[in-house]
Amino acid sequence: MALPVDSIRALSDLHPKPSNLKFQYGTAGFRTVAHVLDSVLFRVGVLAALRSKKLDGKTIGVMVTASHNPEQDNGVKLVDPRGEMLEASWEIHATALSNAQTTDEFIGELEKLVQTSKIDLSKPARVVYARDTRPSGAALVSSLEDGIKAIGAEGRNAGVTTTPVLHYLVRAINTKGTKESYGEDSEEGYFLKLSTAFKKLVSTRQTPSALVIDCANGVGAPIAERLIEYLGNSLPLVLENASITTPGALNNSCGADYVKTTQKLPPSLAGRLQPGQRGCSLDGDADRLMYFYLDERNQFHMLDGDKIAALVSAFIVELVKTSGLDSQIKVGVVQTAYANGASTKYLSERLPVKCVPTGVKHLHHAAEHYNIGIYFEANGHGTVLFSQPTQDVLQSYEPSTPAQSTALEHLRNLNQLINQTVGDALSDMLLVEVVLAHKAYSGAEWDSLYVDLPNRLVKVVVADRNQVKTEDAERRLVSPVGLQEKINDLVRRYDGGRSFVRPSGTEDVVRVYAEASNKAQSDELAFRVAGLVYDECGGNPASRPKEFL
Ligand code: 16G
Ligand code: MG
């Protein structure tokens, strides 16, 4: 069987590539200003279908979103059959297809891909897709649909939903009717799975006080709204920043990324969050979560991904031990170099900790090596993975005491509560609420598990960020040669000092992170390292750290 070249040609001509642009499928898929993405979406539709054929007709997911980016941006990423990120080797195919200048070149690239990847075109192709609330989303989805139609694949529109719901659907569709069935393949199935597990986990606990959710004026709002119906009165939720139709509101001075980068309460929540009350922020596609609270002096305190990892890890380690399964189930945690040093210390005292390069695929992959693998990036993206053998152990294990039996039941329910395909702000929020309810912790008590080391993140614009190369999970520079030694010399002069430099995967900048035992020192260290980077890498004068001019 050959490619349906005529139909691809006819529809591809309706979605020409802007001639002067070069696209790249990066860590977050394709992401840029929305108005240049039409051809990319069409081609992703065709590519998703080929990926499906390659995997014997398994359903592939496509999510149209630009997460925490401003409203004028959009993007698209592919989801592999178990709900995980697209296999890395196909990122290159995605980039190649998106950059073909003409329809003819595009068809040539497709033929090449079919050949080199040995794709059997007679196989069926199935694609499920969704988008967030961005105004540009509807038109981009229709370009995607043209791609799916052009190659004769079967498309299923999952509508406007969160990234984690789409990942859930992909896994649910592909495991339907099997021993590894992930749940009903519908949004209802998702809500039912999470809410049922949550209610069981908190059934013996006091109903918590109301939690305020900053929905970033994005798709988390309607999805949280529906979750409330399923949770009933098991968890009182107050939705804020839920204006999904107000132009320009999405991610604007709100949301998880705003909270993490500014370390401030979104101004829109002033007066809405009472001292002592818990609040949390989702990002624009609801796969990141930041918690916070105001103390009695109205001071803002942030509980980031590291704090979530600490809370959740301690709880799971304890349950595994209480259930009597600690010799069979090894729990481990995965972080990146951005994890606060104090969190790494807290965690290392309780369980194995691994550090990997930035980006969900690295964390997810490393977490799969544990029986229960917990991963969170400091920015609030993370989840917990139960390996299949571990899930089997949880099913078959026969506890010998009531305490073991209760702990086992909790572990089984956690396995249902947690969206294991990808970080899921709403599922993670329920997980945090479970632990807080079990520990009877307030935000302040949770916060006091450890005290964050003061830290500072700075970006430097340089001539070519690709000259900056790292090793050891981004903690050491190998290029430019000699720069790491200079950084080491500086770091040594700061009490509790730590610093690392890496090229961003999403922006044309180099990022510098520094921490030290007090705020002034961490700031100074960050700026001095940034100064070194600037000098060694041919920095753009506009980004020369002002503190050291
Ligand atoms: C992307 C990554 C996120 C990472 C961030 C780092 C995924 C799905 N997302 O958003 O994990 O923390 O990039 O950005 O992998 P940076 O490379 O610009 O610092
Ligand atoms: Mg996101």
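Residues numbered from 1 in each chain as written. Chains lettered and ligands numbered in written order. Predicted model: local features only at pLDDT ≥ 70, side-chain atom pairs only at ≥ 80, totals over all residues. Heavy atoms only, no water.

The chain has the name Phosphoacetylglucosamine mutase in an unreviewed UniProt entry, where Mycena albidolilacea is given as its organism. As recorded by UniProt, the Catalytic activity (unreviewed entry) comment attached to the chain reads in full: "N-acetyl-alpha-D-glucosamine 1-phosphate = N-acetyl-D-glucosamine 6-phosphate". Recorded in UniProt for the chain, the comment headed Sequence similarities (unreviewed entry) runs: "Belongs to the phosphohexose mutase family." (UniProt positions renumbered as here; feature names shortened; annotations may be inferred.)

Student: Honestly, the overall build of the chain in this entry has me stumped. Any pointers?
Tutor: For the chain, the helix and strand inventory stands at 18 helices and 19 strands. Here the chain has a C-alpha radius of gyration of 24 Å; the compact-globule value for 549 residues is 24 Å, and the two agree. Considered along the principal axes of its C-alpha atoms, the chain spans approximately 65 × 65 × 45 Å. Burial analysis of the chain (549 residues in total) assigns 58% to the buried set. In the chain, the proportion of contacts linking residues at least 24 apart, taken out of those at least 6 apart, comes to 70%. (Helix = DSSP H or I, 4+ residues; strand = E, 2+ residues; numbered from the N terminus. Rg over C-alpha atoms; globule rule 2.2 N^0.38 Å. Buried < 20%, exposed > 50% of the residue type's maximum accessible area, 1.4 Å probe, protein only. Contact = heavy atoms within 4.5 Å.)

Student: Honestly, the UniProt feature "active site" (unreviewed entry) in the chain in this entry has me stumped. Any pointers?
Tutor: According to UniProt, the positions carrying the feature "active site" (unreviewed entry) are Ser 67. Looking at the secondary structure, you find Ser 67 in the loop between strand 2 (59–64) and strand 3 (73–79). What Ser 67 contacts, discounting residues up to four positions off in sequence, is Arg 31, Asp 132, Arg 134, Asn 251, Asp 283, Gly 284, Asp 285 and Asp 287.

Student: Whenever I open this one, the sheet that holds strand 5 (residues 154–160) confuses me. Can you help?
Tutor: Hydrogen bonds along the backbone pair up the strands of a sheet, which may run parallel or antiparallel. Strand order in this open sheet of 5 strands is 1-3-2-4-5, and the pairing throughout is mixed. Looking at the sheet topology across the chains shown, the edges are occupied by strand 1 (30–33) and strand 5. The average angle at which neighbouring strand axes cross in this sheet is 15°, direction not considered. As paired strands, strand 2 and strand 3 are joined by 4 bridges and run antiparallel to one another. Considered in strand 3, the bridge of Gly 61 is made with Val 79. (Pairing = 2+ DSSP bridges. Axes fitted to C-alpha atoms, helices over the stretch in contact; angles between N-to-C directions.)

Student: Hey, could you run me through the nonpolar core in this one?
Tutor: Grouped together as the largest cluster of nonpolar side chains are 83 residues, with contacts concentrated most on Tyr 291, Ile 316, Val 384, Leu 414, Leu 417, Met 429 and Leu 430. Once you skip the residues sitting within four places of it in the chain, Leu 430 turns out to touch Leu 194, Phe 198, Leu 227, Leu 231, Leu 235 and Leu 417. (Core = buried A, V, L, I, M, F, W, Y, C linked by side-chain atoms within 4.5 Å.)

Student: Whenever I open this one, the domain arrangement of the chain confuses me. Can you help?
Tutor: When the parts of a complex come together, some accessible area is lost, and that lost area is often taken as the interface size. When cut into domains, the chain gives domain 1 (5–160), domain 2 (188–303), domain 3 (305–428) and domain 4 (455–543). Spacing between the C-alpha centres of domain 2 and domain 4 amounts to 34 Å. (Domains from an automatic or database assignment.)

Student: Can you help me understand the coordination of the magnesium ion (ligand 2) in this one?
Tutor: Reference values for coordination geometry: four tetrahedral donors around a metal ideally subtend 109.5 degrees, six octahedral donors ideally subtend 90 or 180 degrees. Within the protein, the magnesium ion (ligand 2) binds to Ser 67 (OG), Asp 283 (OD), Asp 285 (OD) and Asp 287 (OD); these donor distances fall in the range 2.0 to 2.2 Å. Every donor residue of the magnesium ion (ligand 2) comes from the same chain, spaced as S-x215-D-x1-D-x1-D. Of the two residues, Asp 283 and Asp 287, both sit in the buried class. (Donors = N, O, S within 2.8 Å, 3.2 Å for Na, K, Ca; no water.)

Student: Teacher, can you tell me more about the packing of helix 14 (residues 402–417) against helix 15 (residues 425–439) here?
Tutor: In a packed pair of helices, the relevant descriptors are the angle between the two axes and the axis-to-axis distance. Put simply, helix 14 and helix 15 touch, their axes get as near as 10 Å, and they point 155° apart. Between helix 14 and helix 15, the angle is such that the two are roughly antiparallel. Mapping the contact onto sequence places His 410, Leu 414 and Leu 417 in helix 14 and Ser 427, Leu 430, Leu 431, Val 434 and His 438 in helix 15. When its residues are assigned to classes, the contact of helix 14 with helix 15 shows 5 nonpolar, 3 polar and no charged. (Parallel < 35°, antiparallel > 145°, perpendicular 65-115°, else oblique. Nonpolar A, V, L, I, M, F, W, Y, C, P; charged D, E, K, R; others polar.)

Student: It is not clear to me how the packing of aromatic side chains should be interpreted in this structure. Could you clarify?
Tutor: For the structure on display, the rule yields 12 aromatic pairs. When the centroid spacing of 5.1 Å and the interplanar angle of 85° are considered together, the rings of Tyr 25 and Phe 30 count as edge-to-face. Judged on exposure class, the residue Tyr 25 and its partner Phe 30 are both buried. Measuring from centroid to centroid gives 5.7 Å for Tyr 346 and Tyr 450, while their planes differ by 40°, and the two rings are tilted. Separated by 104 residues along the polypeptide, Tyr 346 in helix 11 (residues 341–348) and Tyr 450 in the loop between helix 16 (443–447) and strand 15 (455–460) bring together distant segments of the chain. These aromatic residues form a ring-pair network of at least three members: Tyr 168, Tyr 182, Tyr 190, Phe 191 and Tyr 230. Here the basic side chain of Lys 193 rests over the ring of Tyr 182, its NZ or CZ set 3.5 Å away from the ring centre. (Phe/Tyr/Trp six-rings, centres within 6.5 Å; stacked < 30°, edge-to-face > 60°. Lys NZ or Arg CZ within 6 Å of the ring centre and 35° of its normal.)

Student: Would you take a moment to explain the pattern of salt bridges for this structure?
Tutor: A pair can form between side chains of opposite charge whenever their charged atoms are brought close. Enumeration over the complete set of coordinates arrives at 37 salt bridges. One salt bridge connects Arg 278 with Glu 433, and the closest N-O pair in it is separated by 2.8 Å. Separated by 155 residues along the polypeptide, Arg 278 in strand 8 (residues 278–282) and Glu 433 in helix 15 bring together distant segments of the chain. Accessibility classification places Arg 278 together with Glu 433 in one group, the buried group. Counted as one network, the salt bridges with shared partners bring together Glu 471, Asp 472, Arg 475 and Arg 476. (Salt bridge = Lys/Arg side-chain N within 4 Å of Asp/Glu carboxyl O.)

Student: Would you mind showing me how to read the site of ligand 1 here?
Tutor: By nearness alone, 13 residues border ligand 1, and Glu 377, Ser 504, Gly 505, Thr 506 and Arg 511 come closest of all. Contact distances for ligand 1 include 2.4 Å between an oxygen atom and a side-chain N or O atom of Glu 377. The separation between an oxygen atom of ligand 1 and a polar side-chain atom of Ser 504 is 2.5 Å. In isolation ligand 1 exposes 450 Å². Once the protein is present, 90% of that is buried. When the residues that make up the shell around ligand 1 are grouped by side-chain class, the tally is 2 nonpolar, 7 polar and 4 charged. Looking at the shell around ligand 1, you find at least three residues from each of domain 3 (305–428) and domain 4 (455–543). (Near = heavy atom within 4 Å. Polar contact = N/O pair within 3.5 Å; in protein donor to acceptor, adjacent residues only side chain to side chain. Areas by Shrake-Rupley, 256 points an atom, 1.4 Å probe, with all protein chains shown as cover.)

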